[in-house]
Amino acid sequence: MKKGMIFDLDGVLVFTDHFHYLAWKKLADRLNIEFNESMNNQLRGISRQDSLELILKERSTDYSEAEKRKLAEEKNGYYREFLQQMSPLDVSDEVRNILRWLKGRGYQLAVGSSSKNAPFILQRTQLSGYFDAVADGNHITRSKPDPEVFLKAAEYLGLSPFDCAVVEDARAGIQAAKAGGMTAIAMGDAVGANEADYTLDSLSDLPALITKMEHSFKTS
Ligand code: BG6
Ligand code: MG
């Protein structure tokens, strides 16, 4: 039976979270709104426009919808300046080796990201070639924790969601994977131990986990 591995992008394959932070911080400073790294961590997996709402909080009503779209575009302009500097060197050999290892083991690979910049990041880092499918912020109307992006990724792979596992660094992403019926693998410290099906300290631990998961499929 074919199996799929769906990877979140920001914070799992590439470390763009700091760029998101710097870009939101620049906007927040201009608007005189408090914003720090811990608030930025709460925005993992959340769409650009929803993130803006969380940053503005009660000040959201000070702005019209058109103004808020412009603010989100302003942030994206700052963010894209950082993305322009990205190159294949921003992805470790280890990450590439893990993706090749999974392919060699017969897994279909997909990206499932809330980001509308995902195609640009994949192109800048030369990661596109590793994936059979990409579902991103341009393909969805509801962002994580809604499962839409992961369901699209499974559909693009031609697999049932039940035959897919998701690797995620965000609580919203783990909730989305569970809601979509996929196996949820949490990376890092974003979620509590009982929220995901499996947890990893880092992506380096994925091959050992996959080997263990395959073993339990055979023995159960
Ligand atoms: C997610 C990030 O991958 O993409 C979020 O974790 C971000 O922080 C979201 O808000 C949307 O990204 P973009 O690139 O479309 O603004
Ligand atoms: Mg992420």
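Residues numbered from 1 in each chain as written. Chains lettered and ligands numbered in written order. Predicted model: local features only at pLDDT ≥ 70, side-chain atom pairs only at ≥ 80, totals over all residues. Heavy atoms only, no water.

Engineer: What's the story with the sheet that holds strand 4 (residues 164-168) in this structure? I'm lost.
Structural biologist: Note: strands within a sheet are paired through backbone hydrogen bonds, in either parallel or antiparallel orientation. If you trace the six strands from one edge of the open sheet to the other, you get 3-2-1-4-5-6, paired in parallel fashion. A single partner strand is all that each edge strand has here, and the edge strands are strand 3 (133-135) and strand 6 (198-200). In this sheet, adjacent strand axes meet at a mean angle of 25 degrees when their direction is disregarded. As defined by bridge partners, strand 1 (residues 3-7) adjoins strand 4 across four bridges and the pair is classed as parallel. Counterpart to I6 in the pairing with strand 4 is V166. Helix 7 (residues 148-157) rests against strand 1, strand 2 (107-112), strand 3 and strand 4 of the sheet, and its axis sits at about 160 degrees to strand 3. Contacts from helix 8 (residues 171-179) reach strand 4 and strand 5 (183-187), with the element oriented near 170 degrees to strand 5. (Pairing = 2+ DSSP bridges. Helix = DSSP H or I, 4+ residues; strand = E, 2+ residues; numbered from the N terminus. Axes fitted to C-alpha atoms, helices over the stretch in contact; angles between N-to-C directions. Contact = heavy atoms within 4.5 Å.)

Engineer: Any chance you could explain the packing of aromatic side chains here in plain terms?
Structural biologist: Under the counting rule described, the total for this entry stands at three aromatic pairs. Each ring, one from F7 and one from F131, has its centre 6.3 Å from the other, and the planes form 70 degrees; the classification is edge-to-face. Linking F7 in strand 1 with F131 in the loop between helix 6 (118-124) and strand 3, this pair joins segments that are 124 residues apart in sequence. Each member of the pair, F7 as well as F131, is classed as buried. With a centroid separation of 5.2 Å and an interplanar angle of 5 degrees, the aromatic rings of F19 and F82 are classed as stacked. You can see F19 sitting in helix 1 (residues 17-31) and its partner F82 sitting in helix 4 (residues 65-83), a full 63 residues away along the chain. (Phe/Tyr/Trp six-rings, centres within 6.5 Å; stacked < 30°, edge-to-face > 60°. Buried < 20%, exposed > 50% of the residue type's maximum accessible area, 1.4 Å probe, protein only.)

Engineer: What is the right way to look at the pairing of strand 2 in this model?
Structural biologist: Consecutive side chains of a regular strand alternate in pointing toward one face of the sheet and then the other. Among the six residues of strand 2, six are classified as buried, and the element is accordingly described as predominantly covered. Burial along strand 2 is two-sided: Y107, L109 and V111 and Q108, A110 and G112, pointing in opposite directions, are all buried. In this sheet, strand 2 lies alongside strand 1 in parallel orientation, the contact comprising five bridges. The residue of strand 2 that forms the bridge with F7 is V111. Two strands pair when backbone bridges link them, and strand 2 and strand 3 are joined in this way by three bridges, in the parallel orientation. Across the sheet, V111 pairs through a bridge with V134, a residue of strand 3.

Engineer: It is not clear to me how the coordination of the magnesium ion (ligand 2) should be interpreted in this structure. Could you clarify?
Structural biologist: Six octahedral donors around a metal ideally make angles of 90 or 180 degrees; four tetrahedral donors ideally make 109.5 degrees. Protein ligation of the magnesium ion (ligand 2) involves D8 (OD), D10 (O) and D169 (OD), the donor distances falling in the range 2.0 to 2.1 Å. Taken in chain order, the donor set of the magnesium ion (ligand 2) reads D-x1-D-x158-D. In this structure D8 comes out as buried when scored by relative accessible area, which is 5%. Taking the relative accessible area as the measure of exposure, D10 reaches 11% and is therefore buried. (Donors = N, O, S within 2.8 Å, 3.2 Å for Na, K, Ca; no water.)

Engineer: Which parts of the structure should I look at to understand unusual backbone geometry?
Structural biologist: Across residues other than glycine, the phi torsion is negative in most instances, and most of the peptide bonds are trans. The peptide bond linking K144 to P145 adopts the cis configuration, its omega dihedral lying at 15 degrees. One can find P145 in the loop between strand 3 and helix 7. Phi is positive for Q126, which is not a glycine, with a value near 55 degrees. Looking at where Q126 falls in the secondary structure, it is placed in the loop between helix 6 and strand 3. Residue classification places Q126 among the exposed positions, given a relative accessible area of 56%.

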